[in-house]
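One-letter residues, chain by chain:
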Amino acid sequence: MDATPVYAIDPAALKDTVAAALGDKAKRVDLALGEVTVTVTPANYLAAAQILRDAPGCQFEQLLDLCGLDYSDYGNGGWEGSRYCVASHLLSVSLNQRVRLKVFASDDDMPVVDSINGVWNSANWFEREAFDLYGIVFEGHEDLRRILTDYGFIGHPFRKDFPVSGQVEMQYDAERKRVIYQPVSIEPREITPRIIREDHYGGIK
C-alpha cells in the first residue's frame, strides 16, 4: 500500500507560487514534511503579509494562529540567530492551502515587529498573548496590553530564562482584607538531567 500523503495542493508547487509572489520580500522559503514556511525580515514582514493575503495563487484570507517563540535554548543552546520569533499560520479557504510565516525580531533586548492586525484582525488577541508571554512588542497594535497574566505581573513567563516557580506569589491577607503579592516561597526544584540511552536499549529497535 502506498503511504505517500495526498495533498489538495502540491506543496512544491505552492512553494514556487509563494516564492514568486514574494520575490525579494522573502528571506527564504522552505518545504519540509509537506509544509511551506516563509521567513522574512522585520522590514518586509508587513508587506509580505499583505502579499500573501492578496496575491493570486496565495489568497490566504485567514490567520489561524500567531505565537511567539524563544530560540535561546534551541538545540541545547546551539542556536546562533536572533532570539525571538513570531510565527503565523495562514489558511486560504479559496484555494485550500496553508503556509507558515516567520519573522525574527532584530533586537534581542527589545524585540519589536510590526503588527499585522490591520491585515488579519484575528491577530489582535494572538499578538497580545505573544506580548504578554514573550515581551514581543507589536508596533502599530492599537491595544497592546497583557491578556493572560495579572496587571501587576512582572516579566514574561514563556521566556526560557523566566524561573519555573515564578518570582512572586499572591495570597489573601486577612488583616488587610485584600490579595497581596510577596516573594515566592517555593524552594527551587533540582531538575533531573535528560538521560540519553544507548541505541537498542531494552531490545527496542
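Computed from a predicted structure; not experimentally measured.

**Quick word on the side chain of Ser 115**
Moving on, step 1. With respect to the secondary-structure elements, Ser 115 resides in the loop between β6 (112-114) and α3 (123-134).
Moving on, step 2. Only 3.1 Å separates the side chain of Ser 115 from the backbone nitrogen of Asn 117, close enough to count as a polar contact.
Moving on, step 3. Side chain to side chain, Ser 115 and Glu 127 meet in a polar contact 2.7 Å long.
Moving on, step 4. When neighbours within four sequence positions are excluded, Ser 115 is seen to be in contact with Leu 46, Glu 127, Phe 138, Glu 139, Gly 140 and His 141.

**Thoughts on the sheet that holds strand β5 (residues 97-104)**
Moving on, step 1. Within the open sheet, the 5 strands sit side by side as β1-β2-β5-β4-β3. Their pairing is mixed. Of all the strands in the sheet, just β1 (28-32) and β3 (62-70) have a single pairing partner and so form its edges. For this sheet the average axis-to-axis angle between neighbouring strands, irrespective of direction, equals 20 degrees.
Moving on, step 2. In the sheet, β1 pairs with strand β2 (residues 35-40) via 5 bridges, with the strands oriented antiparallel. Bridge assignment links Leu 31 to a residue of β2, and that residue is Val 36.
Moving on, step 3. Contacting β2, β3, β4 (84-92) and β5, helix α2 (residues 45-54) crosses the sheet at an angle of about 175 degrees to β5.

**Thoughts on the pairing of strand β9 (residues 178-183)**
Moving on, step 1. In the sheet, strand β8 (residues 168-173) pairs with β9 via 6 bridges, with the strands oriented antiparallel. Bridge pairing links Glu 169 to Gln 182 in β9.
Moving on, step 2. A loop of 4 residues connects β8 with β9, the two strands running antiparallel in sequence, and Lys 177 in this loop sits at a positive phi of about 60 degrees.

**Thoughts on the side chain of Arg 159**
Moving on, step 1. Within the secondary structure, Arg 159 is located in the loop between β7 (137-139) and β8.
Moving on, step 2. The charged side chain of Arg 159 is buried without a salt bridge, its nearest counter-charge being Asp 161 at 5.6 Å.
Moving on, step 3. Once residues lying within four places of it in the same chain are set aside, the contact partners of Arg 159 are Asp 70, Arg 83, Tyr 84, Pro 111, Leu 133, Tyr 134 and Gly 135.

Calculation notes
- Residues numbered from 1 in each chain as written.
- Predicted model: local features only at pLDDT ≥ 70, side-chain atom pairs only at ≥ 80, totals over all residues.
- Heavy atoms only, no water.
- Helix = DSSP H or I, 4+ residues; strand = E, 2+ residues; numbered from the N terminus.
- Polar contact = N/O pair within 3.5 Å; in protein donor to acceptor, adjacent residues only side chain to side chain.
- Contact = heavy atoms within 4.5 Å.
- Pairing = 2+ DSSP bridges.
- Axes fitted to C-alpha atoms, helices over the stretch in contact; angles between N-to-C directions.
- Buried < 20%, exposed > 50% of the residue type's maximum accessible area, 1.4 Å probe, protein only.
- Lys, Arg positive; Asp, Glu negative; His and termini not counted.
- Salt bridge = Lys/Arg side-chain N within 4 Å of Asp/Glu carboxyl O.

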